[in-house]
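# Survey of secondary and tertiary structure
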Amino acid sequence: MSRGLFPPEYETREKRHGRLEIRRIWTSTQLNGYVDFPHCAQVARIERITELNKSGKVRQEVIYVITSLSPEKASPQRLLSLNRGHWEIENRLHWVRDFAFAEDLSQIRTGAGPRVMATLRNLAISLIRLHDKAQGITQALRDMAARPHLTLAMVGL
């Protein structure tokens, strides 16, 4: 699927955060009988091109996708959106866990400990967001540390 021979089925361009990001997608059902992957309904090629505004440095990345979503359930536009949504999870959860809880500095490394702590951090973040703490996760954590009864009230105790 070359850019010169086949134009992308869908393309997005976003200019923000000091960079221009172009995302292109090509999809196909032609490989379904040849791909040895359970429930394969379509394959896709996604190309991401990022150009930094200040330096002009360009980075290009190509990924390939196999999905059980049929073209009727997932158009090229939707597949590209779903792929982009993966980074929303990274930004909304993992970054917050590292920033607010310093997760990368955790000394808990054995057994089920890391998974349990990640679950507890996710629970705390979800409770704060559920209770609409507009001041942000970090400030809400400080408030709850200073006034533990707030935390108990969030879980109904």
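Here is what the cut-offs are and how they apply
Residues numbered from 1 in each chain as written. Predicted model: local features only at pLDDT ≥ 70, side-chain atom pairs only at ≥ 80, totals over all residues. Heavy atoms only, no water. Patch = residues over 30% accessible without salt bridge, like charges linked within 9 Å, V, L, I, M, F, W, Y side chains within 5 Å. Areas by Shrake-Rupley, 256 points an atom, 1.4 Å probe, with all protein chains shown as cover. Salt bridge = Lys/Arg side-chain N within 4 Å of Asp/Glu carboxyl O. Helix = DSSP H or I, 4+ residues; strand = E, 2+ residues; numbered from the N terminus. Core = buried A, V, L, I, M, F, W, Y, C linked by side-chain atoms within 4.5 Å. Buried < 20%, exposed > 50% of the residue type's maximum accessible area, 1.4 Å probe, protein only. Phe/Tyr/Trp six-rings, centres within 6.5 Å; stacked < 30°, edge-to-face > 60°. Lys NZ or Arg CZ within 6 Å of the ring centre and 35° of its normal. Pairing = 2+ DSSP bridges. Axes fitted to C-alpha atoms, helices over the stretch in contact; angles between N-to-C directions.

### Some thoughts on a nonpolar patch on the surface
Residues Val116, Leu120 and Leu123 make up a contiguous nonpolar surface patch of roughly 260 Å² in combined accessible area. Assignment of secondary structure puts valine 116 in helix α2 (residues 113-130).

### Some points on the nonpolar core
Counting 8 residues, the largest nonpolar core consists of Val96, Ile125, Leu127, Ile128, Ile137, Ala140, Met144 and Met154. For this core, the secondary structure elements donating two or more residues are α2 and α3 (137-146). Judged by nonpolar contacts, the second largest core, of 6 residues, contains Ile25, Ile46, Ala74 and Leu80.

### Comments concerning the packing of aromatic side chains
All told, the structure shown has 1 aromatic pair when counted by the stated rule. Here tryptophan 95 and phenylalanine 99 contribute two aromatic rings whose centre-to-centre distance is 4.9 Å and whose plane-to-plane angle is 5°, an arrangement assigned as stacked. Of this pair, tryptophan 95 and phenylalanine 99 are both found in helix α1 (residues 76-101), 4 residues apart, which corresponds to roughly one turn of the helix. The class for phenylalanine 99 is exposed, based on a relative accessible area of 55%. Sitting above the plane of the tryptophan 26 ring, arginine 45 keeps its charged end 5.1 Å from the centroid.

### Overview of the sheet that holds strand β4 (residues 58-67)
What the 4 strands build is an open sheet, ordered β1-β2-β3-β4; its pairing is antiparallel. Only two strands of the sheet have a single neighbouring strand rather than two, namely β1 (10-16) and β4. Geometrically, the sheet is characterised by an average inter-axis angle of 15° between neighbouring strands, direction not taken into account. As paired elements, strand β3 (residues 42-52) and β4 share 10 bridges and run antiparallel to each other. By the bridge assignment, glutamate 47 is partnered in β4 with valine 62.

### Points about the pattern of salt bridges
Taken as a whole, this structure holds 13 salt bridges when the rule is applied. With a shortest N-O distance of 3.0 Å, glutamate 11 and arginine 13 are connected by a salt bridge. Judged by relative accessible area, glutamate 11 falls into the partly exposed class, the value being 31%. The exposure class of arginine 13 is exposed, given its relative accessible area of 52%. The shortest N-O distance in the salt bridge between arginine 24 and glutamate 11 comes to 2.8 Å. Separated by 13 residues along the polypeptide, arginine 24 in strand β2 (residues 19-28) and glutamate 11 in strand β1 bring together distant segments of the chain.

### Some details on the pairing of β2
Across a regular strand the side chains alternate sides, sitting on one face of the sheet and then on the other. The element β2 is extensively covered by neighbouring structure, given that 8 of its 10 residues are classed as buried. The hairpin formed by β1 and β2 contains 2 residues between the paired strands, and histidine 17 there has a positive phi angle of roughly 55°. Where β2 and β3 come together, 10 bridges link them in antiparallel fashion. Across the sheet, glutamate 21 pairs through a bridge with threonine 50, a residue of β3.

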